[in-house]
Amino acid sequence: MKNPDEQGFYGEYGGAFVPEMLYPNVAELQAKYLEILAQADFQQELQQLLHAYAGRPSPLYYSGYLSAKYGGKIYLKREDLNHTGAHKINNALGQILLAARMGKQEIIAETGAGQHGVATATAAALMGMPCKVFMGEVDMARQAPNVARMRMLGAEVVAATSGSRTLKDATNEAIRYWINNPEAYYLIGSVVGPHPYPDLVARLQAVISAELLEQVPAHSGRPLPDKVVACIGGGSNAAGAFYHYIEQPDVQLIAVEAGGKGIASGQSAATSQLGSIGIIHGSRTLLMQDADGQIIEPYSISAGLDYPGIGPMHAHLISSGRAQVYSINDDQALAAGVALSRHEGILPALESAHALAVLPELDIHPDDITVVCLSGRGDKDLQTYLDYLHIND
Ligand SMILES: *Cc1c(COP(=O)(O)O)cnc(C)c1O
């Protein structure tokens, strides 16, 4: 199923498990989002921004290198070429227009890799709205250039100093702020959180597969791809790449999680494989937790995949067998990112490099058409790549 039921459930996953004080905020959004998204002038304004501001449609690029190496025809959906360097701008632009139509005057957000913070700060600057971005202290150090970009864009970056000082702590801080400042609009960056966020973000990212519906036939001569591959942190680029193919059973959906140092190493973010059902950030989904229900700190070399949960849509797609999930370790992702840089001149985000690294593990038929969602560009990860290559050390 590509959309949840009225209570926000995809099968047994999803819903809105929020403290009573947040209930009015969430209920207001639930009541309004579909109606506003359907308005002709909303769609017109969004399409105009996606086109003239974000640079859409993003190209579908045939990779001769990947095709020769792994078989069939392999295409890259170039979300890395969007303004701000990743798919996250699609969602930020949609939600900021929604916030404006709901009469909201302040934007708050959480960020891990900093990409969602940058996308949100960008959209807030565009709309002239004040913006606070909550970010774990550890992530602020790992992603210093994105912190600088957010400040340059006029956003206030608020350090989350509790717990592991990464994305989940930033999310907790943002929710706490929202409880105390219910007039703010909370701009969530992935298909996570209480209903309606997973559905809202999936619908806004669905532009990725909407474009593929035209680009795949135009490039390949066939109506449908055989495989669509995307990495999963919370799951928004995957939700967008899968969306219009979910009800096409011939299209294989392949989700790639961060295995970190290995699934059995204790340092991993392979949520769907290591996780069990619980409630995280207002949603019932698969998450990594111990026997007492305490969240286990996730680990990945990629800050954008370093999240202990997975969106409810993906929990459902994976547990129902509609999507297959793989995990890719740090070193495999690094090698895949270096290879794409050296052979195609495309420097992928470490998150996207996880999706590329699954190609050798897939059973690719010579006739297959495979689309890999290249969710973002790797400039932010340059130092990590250089350290891996022992360049400049
Ligand atoms: C944030 C991010 C991701 C992970 O987020 P999803 O919601 O799972 O898409 C993946 N790739 C890039 C480049 C990102 O910035």
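This text follows the structure it describes.
Overview of the structure. (Residues numbered from 1 in each chain as written. Predicted model: local features only at pLDDT ≥ 70, side-chain atom pairs only at ≥ 80, totals over all residues. Heavy atoms only, no water.)

### Concerning empty space enclosed by the protein
Following the criterion strictly, the structure yields three cavities of 30 Å³ or more and no others. In this structure, the largest cavity spans a volume of roughly 420 Å³. Elements that contribute at least two residues to the lining of the largest cavity include exactly β5 (107-111), α5 (115-127), α8 (167-180), α11 (236-242) and α15 (350-357). A per-element tally of the lining of the largest cavity places α8 first, with three residues. (1 Å grid on protein atoms, 1.4 Å probe; cavity = no way out; pocket = protein on both sides within 12 Å on 5 of 7 lines; lining within 4 Å. Points joined across faces, edges and corners; volume = space filled by probe spheres on them. Helix = DSSP H or I, 4+ residues; strand = E, 2+ residues; numbered from the N terminus.)

### Looking at helix α13 (residues 312-319)
The buried count for α13 comes to seven of eight residues, which makes it a mostly enclosed element. Gly 321 lies just past α13 and shows a positive phi near 90 degrees. (Buried < 20%, exposed > 50% of the residue type's maximum accessible area, 1.4 Å probe, protein only.)

### Let's talk about the pattern of salt bridges
Per the stated rule, a full pass over the model turns up 21 salt bridges. Of the charged contacts in the structure, one is a salt bridge between Arg 142 and Asp 139, with a shortest N-O distance of 2.8 Å. With Arg 142 and Asp 139 both in helix α6 (residues 137-142), this residue pair falls three residues apart, about one helical turn. Classification of Arg 142 as partly exposed rests on a relative accessible area of 32%. On the basis of relative accessibility, which here comes to 1%, the residue Asp 139 falls in the buried class. Taking the shortest distance from any N to any O, the salt bridge between Lys 380 and Asp 381 comes out at 2.8 Å. Like Asp 381, Lys 380 is buried. Connected through salt bridges with shared partners, the residues Arg 56, Lys 77, Glu 79 and Glu 211 form a single ionic network. (Salt bridge = Lys/Arg side-chain N within 4 Å of Asp/Glu carboxyl O.)

### Some thoughts on the pairing of strand β6 (residues 131-136)
Burial analysis of β6 places six of its six residues in the buried class, which makes it a mostly covered element. A two-sided burial pattern is seen for β6, the buried positions comprising Cys 131, Val 133 and Met 135 on one face and Lys 132, Phe 134 and Gly 136 on the other. Note: β5 against β6, five bridges, orientation parallel. Bridge pairing in β6 places Ile 107 opposite Cys 131. After leaving β5, the chain enters α5 and then returns to the sheet as β6, a path that is right-handed. One ladder, built from five bridges, connects β6 with strand β7 (residues 156-160); its direction is parallel. Bridge assignment links Phe 134 to a residue of β7, and that residue is Val 158. (Pairing = 2+ DSSP bridges. Right-handed = clockwise from strand over helix to strand, strands pointing away.)

### Re the nonpolar core
Core analysis: the biggest nonpolar cluster contains 91 residues, and Leu 98, Tyr 185 and Phe 242 have the highest contact counts within it. The greatest single-element share of this core, amounting to seven residues, is contributed by helix α4 (residues 88-101). Those residues in contact with Tyr 185, other than ones at most four positions away along the chain, are Leu 29, Gln 95, Leu 98, Ala 99, Met 102, Lys 104, Glu 106, Ile 107, Ile 108, Tyr 197 and Leu 200. Of all hydrophobic cores here, the second largest spans 31 residues; its members include Leu 66, Ala 269, Ile 328 and Ala 353. (Core = buried A, V, L, I, M, F, W, Y, C linked by side-chain atoms within 4.5 Å. Contact = heavy atoms within 4.5 Å.)

### Points about the packing of α4 against α5
Remark: α4 packs on α5, axes separated minimally by 9 Å, with the N-to-C direction vectors making an angle of 40 degrees. The orientation of α4 relative to α5 falls into the category oblique. Along this stretch, α4 crosses α5, giving a crossing that reads as right-handed. Residues Lys 88, Ile 89, Asn 91, Ala 92, Leu 93, Ile 96, Leu 97 and Ala 100 of α4 touch α5, and the partners they reach there are Gln 115, His 116, Ala 119, Thr 120, Thr 122, Ala 123, Ala 124, Leu 126 and Met 127. Split by residue class, the contact of α4 with α5 holds eleven nonpolar, five polar and one charged. (Axes fitted to C-alpha atoms, helices over the stretch in contact; angles between N-to-C directions. Parallel < 35°, antiparallel > 145°, perpendicular 65-115°, else oblique. Left-handed = near helix turned anticlockwise from the far one by under 90°. Nonpolar A, V, L, I, M, F, W, Y, C, P; charged D, E, K, R; others polar.)

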